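Given next are the chains, with one letter for each unit.
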Amino acid sequence: YTNLFQNKVEISVEGYYKQMENYLDYKSGAVLVMSRNLAADVVQTQGKAYGVEFMLKKPLGKLNGWLAYTWSRTQLREVGDRGNMAINGGDWYYASYDKPHDVKLVANYKFTQRISLSVNGDYATGRPITIPVAKYQYDGATKLYYSGRNSHRIPDYFRIDVAMNFDPTHRLDAFTHFSFTVGVYNITGRKNVYSVYFDTNSAGEVKGHKLCIFGAPIPYVNFNFKF
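What this report covers is the structure whose coordinates are included nearby. None of these values were measured; they are calculated from a predicted model. Counting restarts for each chain: residues are numbered from 1 in the order of the written sequence. Where totals are concerned, whole chains, interfaces and linings use all residues; where local detail is concerned, this predicted model gives features only for residues with pLDDT of at least 70, and gives and counts side-chain atom pairs only at 80 or more. Water and hydrogen atoms were dropped before computing side-chain values, which therefore reflect all heavy atoms in the structure.

Here we look at the side chain of Asp 25
Structurally, Asp 25 is set in strand β2 (residues 9–26). Under the rule applied, a polar contact is a pair of N or O atoms within 3.5 Å (in protein, one hydrogen donor and one hydrogen acceptor; residues adjacent in sequence only if both atoms are side-chain atoms). Engagement of the side chain of Asp 25 in a polar contact is seen with the side chain of Arg 149, the distance being 3.4 Å. Between two residues, a contact is recorded if the distance between any of their heavy atoms is within 4.5 Å. What Asp 25 contacts, discounting residues up to four positions off in sequence, is Asp 41, Val 42, Val 43, Thr 45, Leu 76, Tyr 93 and Arg 149. Runs of H or I in DSSP of at least four residues are treated as helices and runs of E of at least two as strands, each being numbered from the N terminus.

Below, the structure written as structure tokens:
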């Protein structure tokens, strides 16, 4: 951690490494919907997580805010010996929340003491998923063959929010303090993928589908009153 430019800019770098024990994960092919014995579909794993976090911060001035970047990895491995039934054959695999790259930007610019502009940016690597990579016939039925556990990823996440902040009652001795914000959430209208699922049509073709939430710009107004 250090300060630069006469303490106008703060820079920090952190690294971490930790180990996890007795972490539960689902077996391959686990039935999660309406399961009467969910405990039978989980196995014990061990894990490791490590990464580096970098932050650049400007706390003062008309333009202030911070930029943070994190590189991190989280891996799991099944404990015990279930042979070919072990997740990923007993090898290490990425946890479902593993995101190698994560960038966050928060910036504020004061035009006057009463009016300011805020911009928030968020980018992250898509989370890991397991997908069907082939199909085969067995006992008169079509079966799916899946990739290794969490060996593929959904598309990366990216979002920008913009807001104008108005503070008309700026006097400190006022009985009430009123302010409001007018902004747009996800101003680029990016359809960030929340999850991916697969189904089979009548012709036996496997189709993948992406599900997104808030896949369009969303305007909003926020009012604040303080006494």
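Here we look at the side chain of Thr 181
By the secondary structure assignment, Thr 181 is in strand β13 (residues 177–185). With relative accessibility at 13%, the residue Thr 181 sits in the buried group. Looking at Thr 181, its side chain comes within polar contact range of the side chain of Asn 165, at 3.0 Å. Note on classification: 1.4 Å probe, protein chains only; a residue is buried when its accessible area is under 20% of the maximum for its type, exposed when over 50%, partly exposed between these limits.

Overview of the nonpolar core
Definition of nonpolar core: a set of buried residues of the types Ala, Val, Leu, Ile, Met, Phe, Trp, Tyr and Cys, connected through side-chain atoms within 4.5 Å. Residues Met 20, Val 43, Leu 76, Ile 87, Tyr 93 and Ala 95 constitute the largest nonpolar core, which totals six residues. Aside from chain neighbours lying at most four places away, what touches Tyr 93 is Asp 25, Thr 45, Thr 74, Gln 75, Leu 76, Arg 77, Glu 78, Ile 87, Asn 88, Arg 149 and Asn 150.

Quick notes on a nonpolar patch on the surface
A cluster of nonpolar residues, Val 13, Val 52, Phe 54, Leu 56, Leu 67, Tyr 69, Trp 71 and Leu 105, forms a patch on the protein surface that exposes about 620 Å² of accessible area. Elements supplying a minimum of two residues to the nonpolar patch: β3 (42–58) and β4 (63–78). The topology assignment puts Tyr 69 in strand β4. Tyr 69 sits in the partly exposed class, given a relative accessible area of 31%. Residues forming no salt bridge and having over 30% relative accessible area are the ones grouped into patches, like charges within 9 Å of each other and nonpolar side chains (Val, Leu, Ile, Met, Phe, Trp, Tyr) within 5 Å. Per-residue and other accessible areas were derived by the Shrake-Rupley procedure at a 1.4 Å probe size, with only the shown protein chains allowed to occlude residues. Only one rule defines a salt bridge in this text: a Lys or Arg side-chain nitrogen within 4 Å of an Asp or Glu carboxyl oxygen.

Digging into the environment of Val 206
Tracing the backbone through its elements, the reader meets Val 206 in strand β15 (residues 206–212). Looking at Val 206, the relative accessible area reads 31%, which means it is partly exposed. Distance from Val 206 to Ala 134, taken between C-alpha atoms, is 9.2 Å for residues 72 residues apart in sequence. Discounting residues that sit within four places of it in the chain, Val 206 has contacts with Pro 132, Leu 144, Phe 198, Asp 199 and Thr 200.

Focus on the pattern of salt bridges
Oppositely charged side chains are able to pair whenever their charged atoms sit close together. Inspection of the entire model under this criterion finds eight salt bridges. With a shortest N-O distance of 3.8 Å, Lys 99 and Asp 102 are connected by a salt bridge. Across the salt bridge formed by Asp 161 and Arg 159, the nearest N and O atoms sit 2.8 Å from each other. Because the salt bridges share partners, they merge into one network encompassing Lys 99, Asp 102, Lys 104 and Asp 122.

Description of the layout of surface pockets
Its volume calculated, the largest pocket comes out at about 1,300 Å³. Both site types are read off a 1 Å grid over the protein atoms alone. A 1.4 Å probe that fits but cannot get out defines a cavity, while an open set with protein on both sides within 12 Å along at least five of seven lines defines a pocket; lining residues have an atom within 4 Å of a point. Every residue lining the largest pocket is counted, 34 residues in all, and those nearest its centre are Lys 27, Ser 28, Gly 29, Thr 130 and Arg 149. Mapped by element, the contributors of at least two residues to the lining of the largest pocket are β2, β10 (141–146) and β14 (193–200). Of all the elements, β14 adds the most residues to the lining of the largest pocket, at four residues. Grid points are joined across faces, edges and corners, and a volume is the space filled by probe spheres set on the points.

Quick notes on the pairing of β2
Note on pairing: two strands pair once DSSP finds at least 2 bridges between them. Pairing between strand β1 (residues 2–4) and β2: three bridges, direction antiparallel. From the neighbouring strand, Thr 2 faces β2, where its bridge partner is Ile 11. The antiparallel hairpin formed by β1 and β2 contains four residues in its connecting segment, where Phe 5 sits at a positive phi of about 55°. By the bridge criterion, 15 bridges tie β2 to β3 in an arrangement that is antiparallel.

Things to note about unusual backbone geometry
The phi angle of most residues is negative, glycine excepted, and most peptide bonds adopt the trans form. Although it is not a glycine, Gln 6 adopts a positive phi angle of roughly 55°. Within the element layout of this structure, Gln 6 appears in the loop between β1 and β2. For Gln 6, a relative accessible area of 71% gives the class exposed. Backbone geometry at Asn 186 places phi at a positive 60°, although glycine is not the residue there. Within the fold, Asn 186 resides in the loop between β13 and β14.

Any functional reading would require information that these geometric values do not contain.
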